[in-house]
Amino acid sequence: DEPTLRVMGLFGSTQKTVAMGVPLINAIYQGNPLIGLYTLPLLIWHPMQLVVGTFLAPKLAKWVEQEQERLGRQEQQEQEPQTHDDDAEDDGGDEGANEEA
């Protein structure tokens, strides 16, 4: 129920592509003269992720705010029945005291 963690996971997992992919390709195809060609898709994909992330960031920020409001309202609604029960008990006790007097 943590919207900020969801967004962090989205951005964090996609940005690890080049950091893990290039060393992995180097290890697998070590000494191969076409290694530059094998890394080309990663080197194209990474800037695309940055551009798409730039466009998604404002929408995701708005979504996070909406989710936090929604979750906050749910927490308040879950707490409200408890406070109403407490208020009802207090009111009942006060009314009984007034009737006896």
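Structure: see above.
Residues numbered from 1 in each chain as written. Predicted model: local features only at pLDDT ≥ 70, side-chain atom pairs only at ≥ 80, totals over all residues. Heavy atoms only, no water.

Right, let's talk about a nonpolar patch on the surface for a bit. The grouping of Leu24, Ile28, Tyr29, Leu34, Leu37, Tyr38, Leu40, Ile44, Trp45 and Met48 at the surface amounts to a nonpolar patch, some 970 Å² of accessible area in total. Elements represented by at least two residues in the nonpolar patch include exactly helix H1 (3–28) and helix H2 (35–100). For the nonpolar patch, the element with the highest residue contribution is H2, accounting for 6 residues. (Patch = residues over 30% accessible without salt bridge, like charges linked within 9 Å, V, L, I, M, F, W, Y side chains within 5 Å. Areas by Shrake-Rupley, 256 points an atom, 1.4 Å probe, with all protein chains shown as cover. Salt bridge = Lys/Arg side-chain N within 4 Å of Asp/Glu carboxyl O. Helix = DSSP H or I, 4+ residues; strand = E, 2+ residues; numbered from the N terminus.)

In this model, H1 (26 residues) spans 37 Å end to end at C-alpha, consistent with the 38 Å of a helix rising 1.5 Å per residue. Taken as a whole, H1 carries its principal kink of about 30 degrees at threonine 17. (Expected span 1.5 Å × (residues − 1). Bend = angle between axes of the 7 residues up to and from the residue.)

Let us now look at the packing of aromatic side chains. This structure, assessed with the given rule, holds 1 aromatic pair. Ring centres of tyrosine 29 and tyrosine 38 lie 4.5 Å apart, and the angle between their planes is 45 degrees; on these two criteria the pair is classed as tilted. Exposure remark for tyrosine 29: the relative accessible area of 35% places this residue in the partly exposed category. The partly exposed category is assigned to tyrosine 38, whose relative accessible area is 32%. (Phe/Tyr/Trp six-rings, centres within 6.5 Å; stacked < 30°, edge-to-face > 60°. Buried < 20%, exposed > 50% of the residue type's maximum accessible area, 1.4 Å probe, protein only.)

Here the focus is the layout of surface pockets. Taken as a whole, the largest pocket spans an internal volume of roughly 150 Å³. Around the largest pocket sit Leu10, Phe11, Thr14, Trp45, Met48, Gln49, Val52, Gly53 and Leu56, which together line it. Among the elements of the structure, H1 and H2 are those that each provide at least two residues to the lining of the largest pocket. It is H2 that provides the largest number of residues to the lining of the largest pocket, a total of 6 residues. (1 Å grid on protein atoms, 1.4 Å probe; cavity = no way out; pocket = protein on both sides within 12 Å on 5 of 7 lines; lining within 4 Å. Points joined across faces, edges and corners; volume = space filled by probe spheres on them.)

Nothing here speaks to function; it is all geometry.
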